[in-house]
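Below, each chain spelled out in residue letters.
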Amino acid sequence: MILLLGPMADQALANVCARLAARNADLMLVHPDAEMHDWNIAWSTESGRIGDRLRVGKRVVSVGDVTSAYLRGVGNPQGGTARERMLIASLWELVDGLPALVVNRRRASSTNNSKPYQQRLIAEFGFRVPKTLVTMVPEEARAFYEACNGRVIYKSVSAERSIVKLLKPEDLPRLDQIRFCPVQLQEMIPGVDIRVHTVGERLFATEVSSDTADYRYAGRENGRRTMRAIELRPELHARCLALTKGLGLIMSGIDLRRTPGGDYVCFEVNTSPGFTFFESYTGQRIGDAVADLLCKGSA
Amino acid sequence: MILILADSFDPWATLVHREAQRTGGDVCWIEPSHLLDRTVLNWPVETSAAVMPGSLIVDGRLVPFDELTGVFSRINWPLSLQLDDLDPRDAEYVRKETTASWFALLTAVPCAVVNRPVPGGRPTLLAGSSKLRQLVEDHGILLPPSRSTTSQADAILQFSAWSERAYLKALGVEEMGVYLQARDGADQICRLMERFAVTLQSVPEGQRVIVYVAGREVAATVIQANGSSAGGCELPFLPMEEGLALARALGLEFAECHFIVTSERQLYCLDITGAPNYWRCPQHIQHEIVGRLVRHLSDARSASLHDSSVGADGRSSAGERLR
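Definitions and limits used
Residues numbered from 1 in each chain as written. Chains lettered and ligands numbered in written order. Predicted model: local features only at pLDDT ≥ 70, side-chain atom pairs only at ≥ 80, totals over all residues. Pairing = 2+ DSSP bridges. Helix = DSSP H or I, 4+ residues; strand = E, 2+ residues; numbered from the N terminus. Axes fitted to C-alpha atoms, helices over the stretch in contact; angles between N-to-C directions. Contact = placed C-beta atoms within 7 Å.

## Overview of the sheet that holds strand β6 (residues 68-71) of chain A
Residues and elements named next belong to chain A.
1) Next: Taken in spatial order, the 4 strands line up as β2-β1-β6-β7 in an open sheet, and their pairing is parallel. In this open sheet, the two edge strands, each paired with only one partner strand, are β2 (27-30) and β7 (101-103). Each strand axis lies, on average, 15° off the axis of its neighbour in the sheet, ignoring direction.
2) Next: Note: strand β1 (residues 2-5) against β6, 4 bridges, orientation parallel.

## Quick look at unusual backbone geometry
1) Next: In this structure, the amide linkage connecting Val103 of chain A to the following residue, Asn104 of chain A, adopts the cis form with an omega of -5°.
2) Next: Mapped onto the elements of the fold, Asn104 of chain A is located in the loop between β7 and α3 (106-109).
3) Next: Here the bond from Trp77 of chain B into Pro78 of chain B is cis, since omega is -5°, no more than 30 degrees from zero.
4) Next: On the secondary structure map, Pro78 of chain B appears in the loop between β6 (70-73) and α3 (88-108).
5) Next: Its identity as a non-glycine residue notwithstanding, Asn149 of chain A has a phi of 55°, on the positive side.
6) Next: Tracing the backbone shows Asn149 of chain A in the loop between α5 (138-147) and β9 (152-155).
7) Next: The phi angle at Ser163 of chain B is positive, at roughly 55°, despite the residue not being glycine.
8) Next: Relative to the assigned elements, Ser163 of chain B resides in the loop between α5 (152-161) and β10 (166-170).

## A short note on the sheet that holds strand β12 (residues 198-202) of chain B
1) Next: With respect to topology, 7 strands assemble into an open sheet ordered β5(A)-β4(A)-β3(A)-β9(B)-β12(B)-β10(B)-β11(B), the strand pairing being antiparallel. Two strands in the sheet have a free side with no partner beyond their single neighbour: β5 (59-62) of chain A together with β11 (178-180) of chain B. Along the sheet, successive strands turn relative to each other by an average axial angle of 20°, direction set aside.
2) Next: Across 3 bridges, β10 of chain B lies against β11 of chain B in antiparallel orientation. Across the sheet, the residue bridging to Leu168 of chain B is Val178 of chain B, located in β11 of chain B.
3) Next: Those strands touched by helix α2 (residues 82-97) of chain A are β3 (41-46) and β4 (49-56) of chain A together with β9 (146-149) of chain B, and its axis lies near 35° from that of β3 of chain A.
4) Next: Packed onto the sheet, α5 of chain B meets β3 of chain A together with β9, β10, β11 and β12 of chain B and runs at close to 10° relative to β12 of chain B.

Written out as structure tokens, the structure is:
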């Protein structure tokens, strides 16, 4: 049995669900929202291992039958009502202990909640990372801007979705506001974006050419964006898989940029990638790869 | 400098602060809710520099990161900040950004951090992670049966099935649990379950032992049936090494571990936390722990990232704790 945890309104989850259904896989959808008040979850352990029976909602499942689980948008155990927090905390604890393939487990999923934290991990795997400053000091931000010859972007420090933007001369007076909240500045790396999705041992690389700082919002900013599937050279291919595995992930979305000189710089690793955006442009069968992996039950 | 990040009413922080001052240490205490008012962060996130660049300005005083000898962090993540004057959406953004910045900083500074945070938090149950379970087994430690549930009726039924002897803990919370008694165990379950899902563990027959870890040193106390610490009690052995090994595996330099030692020399572990309960810790052990913590936090170490990353100051590779 494959557990799919999260809201069906999520496009990636719905995509994987459809692919699994086409494979006639034994599925169970787990999301407590719809029947919050009479929805319970319970499990036992014996000698440190999850016991035979697992109660999820109104169903009792044999743990031995669960071969894999895929999580998307399960939520934050700090948010919502007490009941929501209770159920979400339980789901995370349960999947952490499940003797099955889990895409992805909590600790590994949480590495990109702090980008500077994850950046240090990425560097340990031999990737070049951009010169970065996290600061609340306007003078230091200005000095960084000068040191980078005015080629600087700013983006969120946390996993909060933000539009990556170029810091422009007219933004400099606003830097005084950073005294009240840390800001992350990075050297602008020229080149072509490459989003790499890894799914177990499979890899899908998408080259994105855009004239905006954040290709995701090219349309909104009247910019240009083209995407195509590419192959990575073997060494880089292997390093992306090693990075994913090293972060404890089964599936990842790695953001790279290829510089005009042919170097690759890694910005971050998305631990719960919304791959459908790339799949719909390029036809890469990422959802099928996820479905295959979940059916196989091991990475 | 020792930096203390704790609420003003935190008893451990109070004692650490007092002891550091008494021994002539340079110490500064900041409440996490005042991090934005009292500190200014400036951190070039260098991953290859030999010495970690950057600094904090604390109450107007510049403190380069390499001048920190230790951080005593009692932060509950994510940070709670005083942002009442902001629009709720802005306040949430500022809270997330500040949390992410301080989280990364505390995993990176090349000095003792008690305790360093880990992404996603630590598992509530030792049985909740295959790596920990393996480590527990490798040390010959047993884990008692447990039941985790969101249902009060289910929890009470399990409590009854275990002859009303159980250890109760909230799921997803770092604080220690409580040993339930027959007289009010069901009430305690109901009270806790108003806010949390719980895990119950069966309590094996045997002697309760609490092991405290502070830096690389340990202290232990044997607990009587009424919950007070016992003196002169004979035990087959004290599980000091086991407590230290478990704490180290979890990346904890300040920890409280609950063990049961049976008459057949079997060792069960019920819990381990990086938030030791001050009020249940015997006074003489409190003093021992505080002295050890202050020594640990005061030790000047090599500030080189290359030295510290091999674990000389307990700063193992950030990736090591992910698996």
